[in-house]
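Residue strings, one per chain:
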Amino acid sequence: MTDSHDCCAPSRADLFLGVQAESAPAPHAEHGRHPIAQATIPAQTFTMGDAHGDDRWHDGETPLHAVTLEAFTIDTTSVTNAAFAAFVDATGYRTEAETFGYSAVFHLALAADDADVLGQPPQTPWWLGVAGADWRHPGGRHSGIEGMEDHPAVHLSWNDAVAYCEWAGRRLPTEAEWEAASRGGLESARYPWGDERGGVEEEPGGWRTNIWQGAFPERNTTADGFLTTAPVHTFEPNAYGLWQTVGNVWEWVADWYDPGYYAVSPGTDPRGPERGAQRVMRGGSFLCHDSYCNRYRNAARSSNTPDSSMANTGFRTVAR
């Protein structure tokens, strides 16, 4: 049986074995300018977890539990290509996709030579391990990001996201902070806008987020306007002013992943397990579809290894 997390975002080991990475340079110690606009999330106690029975039991979205957080600031959007480029220009940083030499590309977005396809997980054949795919080349070596400066930066591992945060004087949100921010003050709502799903096939342009429309994984009608990523200011922000916390791209958060964590989570400022093998990702992506992955929800959780990178995963940052 296919692991549910692999459907959403394959681990590096799923794609290709035997590639050795060289060490990536550490970012320069001097903090850089973080250009993403900020929203202030007020101190609050909210109910964390799935209140609708939408969860998959192995994801660990229950039990519901009250969480108290201090106020914090968070990026109103995912970190963009322009922002990540400024970090790379200032530091010379090379991402793990670049040092490993490959990353995960969705098959319909491939822009590479046949010889560049290094692996294809048999249980999730819509994912390809593609040589030369990285944040500058999201579909492979024949793609680029010119004109996509305001799209979320992708093909970034958890380790890459942390490197950016260290340079910017920021950090990744905790899982609890991310969920509180995504909810926008709507207690127990499915989505940042309420409980109704993002749109209907019969209403082109009526979608509220960037997800898959059509028959996954072979036909995307692009009723929402996008096959892959959308600019970060597409659709409408939630009540806190955050854009596209669900859909578009998965976002890394700080916590180690444990499906049983909610049962033992502290009630104040939970930080996740002390150790683990995978880090949590939140929010779903442009590949989410109700037929196989309904994780474009406030409560939804997924995970991957910290060195994994793929075409549907980025991050946003926080500070207190």
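Only a predicted model underlies this, so the values are computations on that prediction, with no experimental measurement involved.

Engineer: Would you explain the nonpolar core in this entry?
Structural biologist: One recurring pattern in soluble globular proteins is that nonpolar side chains are buried together. Membership of the largest hydrophobic core comes to 53 residues, with the highest contact counts inside it found for Phe84, Phe87, Trp127, Tyr164, Trp252, Leu287 and Phe315. Counting residues per element, the ones that place at least two in this core are α3 (81-91), β5 (102-106), α5 (158-168), β10 (250-256) and β11 (279-282). In terms of residues, this core owes the most to one element, α5, which gives seven residues. Apart from residues no more than four positions distant in its own chain, phenylalanine 84 is found in contact with Val79, Thr95, Trp135, Ala153, Leu156, Tyr164 and Phe315. Within the second largest apolar cluster, 16 residues are counted, among which are Val67, Leu69, Tyr261 and Val318.

Engineer: Explanation requested: the sheet that holds β10 in the structure shown.
Structural biologist: Each strand in a sheet pairs with another by means of backbone hydrogen bonds, the pair being arranged parallel or else antiparallel. Strand order in the open sheet formed by four strands is β12-β11-β10-β13, and the pairing between neighbours is mixed. Where the open sheet ends on each side, the last strands, each with one partner, are β12 (301-304) and β13 (313-315). Across the sheet, the mean angle from the axis of one strand to that of its neighbour is 50 degrees, orientation sign disregarded. As paired elements, β10 and β11 share three bridges and run antiparallel to each other. Counterpart to tryptophan 256 in the pairing with β11 is arginine 279.

Engineer: What exactly am I supposed to notice about the packing of α3 against α5 here?
Structural biologist: For any two helices packed against each other, one specifies the inter-axial angle together with the distance between the axes. One can describe the packing of α3 onto α5 by two numbers: an axis separation of 11 Å at closest approach and a directional angle of 75 degrees. Here α3 lies roughly perpendicular to α5, going by the angle between them. Counted together, Ala83, Phe84, Ala86, Phe87, Ala90 and Thr91 of α3 and Ala163, Tyr164 and Trp167 of α5 form the full contact between these two elements. Residue classes in the contact of α3 with α5 are distributed as eight nonpolar, one polar and no charged.

Engineer: Before we go on, may I ask you to explain the pattern of salt bridges in this structure?
Structural biologist: Pairing between side chains of opposite charge can happen when the charged atoms of each approach one another. What the rule picks out here adds up to 17 salt bridges. A salt bridge links arginine 320 to glutamate 177, with the shortest nitrogen-to-oxygen separation between them at 3.0 Å. Of this pair, arginine 320 sits in the segment after β14 (318-319) while glutamate 177 sits in helix α6 (residues 175-183); the two residues are 143 residues apart in sequence, bridging distant segments of the chain. Exposure remark for arginine 320: the relative accessible area of 45% places this residue in the partly exposed category. Between glutamate 251 and arginine 316 there is a salt bridge, with the nearest N and O atoms lying 2.9 Å from each other. Taken together, the positions of glutamate 251 in strand β10 and arginine 316 in the loop between β13 and β14 put the pair 65 residues apart, joining distant regions of the chain. With respect to burial, glutamate 251 and arginine 316 carry one shared label: buried. Within the structure, one salt-bridge network assembled from shared partners comprises Glu70, Arg171, Glu177, Asp269, Arg271 and Arg320.

Engineer: How do you make sense of α6 when you look at a structure like this?
Structural biologist: The periodicity of an α-helix, 3.6 residues per turn, causes residues three or four positions apart to be oriented the same way. In terms of residue burial, α6 counts as a mostly covered element, since nine of its nine residues are buried. Among the residues of α6, Glu175, Ala176, Glu177, Trp178, Glu179, Ala180, Ala181, Ser182 and Arg183 are the ones counted as buried. Positive backbone phi, at 60 degrees, marks glycine 184, one or two positions downstream of α6.

Engineer: Before we go on, may I ask you to explain unusual backbone geometry in this structure?
Structural biologist: Both trends apply: most residues other than glycine have a negative phi, and most peptide bonds are in trans. The step from threonine 62 to proline 63 runs through a cis peptide bond, and the omega angle for that step is 5 degrees. Here the bond from phenylalanine 216 into proline 217 is cis, since omega is 5 degrees, no more than 30 degrees from zero. In this fold, proline 217 is placed in the loop between β8 (214-215) and β9 (219-220). Unlike most non-glycine residues, phenylalanine 235 shows phi in positive territory, near 70 degrees. Mapped onto the fold, phenylalanine 235 is located in the loop between β9 and β10. Phenylalanine 235 sits in the buried class, given a relative accessible area of 17%. The residue asparagine 248 is not glycine, and still its phi comes out positive at about 65 degrees. Along the chain, asparagine 248 falls in the loop between β9 and β10. Judged by relative accessible area, asparagine 248 falls into the buried class, the value being 2%.

Engineer: So what exactly am I meant to see when it comes to the sheet that holds strand β7 (residues 127-131) here?
Structural biologist: With antiparallel pairing, three strands are arranged side by side in an open sheet as β5-β7-β6. The sheet is open, and its two borders are formed by β5 and β6 (117-119), each paired with just one other strand. In this sheet, neighbouring strand axes are inclined to one another by 50 degrees on average, regardless of whether the strands run parallel or antiparallel. Taken together, the two bridges between β6 and β7 define a ladder with antiparallel strand orientation. Looking across to β7, one finds that glycine 119 is bridged to glycine 129.

Engineer: For this particular structure, what's the right way to read the environment of tyrosine 164?
Structural biologist: Take tyrosine 164: it is sitting in helix α5. Sequence separation between tyrosine 164 and tyrosine 93 is 71 residues, and the spatial gap between their C-alpha atoms is 9.0 Å.

What counts and how
- Residues numbered from 1 in each chain as written.
- Predicted model: local features only at pLDDT ≥ 70, side-chain atom pairs only at ≥ 80, totals over all residues.
- Heavy atoms only, no water.
- Core = buried A, V, L, I, M, F, W, Y, C linked by side-chain atoms within 4.5 Å.
- Buried < 20%, exposed > 50% of the residue type's maximum accessible area, 1.4 Å probe, protein only.
- Helix = DSSP H or I, 4+ residues; strand = E, 2+ residues; numbered from the N terminus.
- Contact = heavy atoms within 4.5 Å.
- Pairing = 2+ DSSP bridges.
- Axes fitted to C-alpha atoms, helices over the stretch in contact; angles between N-to-C directions.
- Parallel < 35°, antiparallel > 145°, perpendicular 65-115°, else oblique.
- Nonpolar A, V, L, I, M, F, W, Y, C, P; charged D, E, K, R; others polar.
- Salt bridge = Lys/Arg side-chain N within 4 Å of Asp/Glu carboxyl O.

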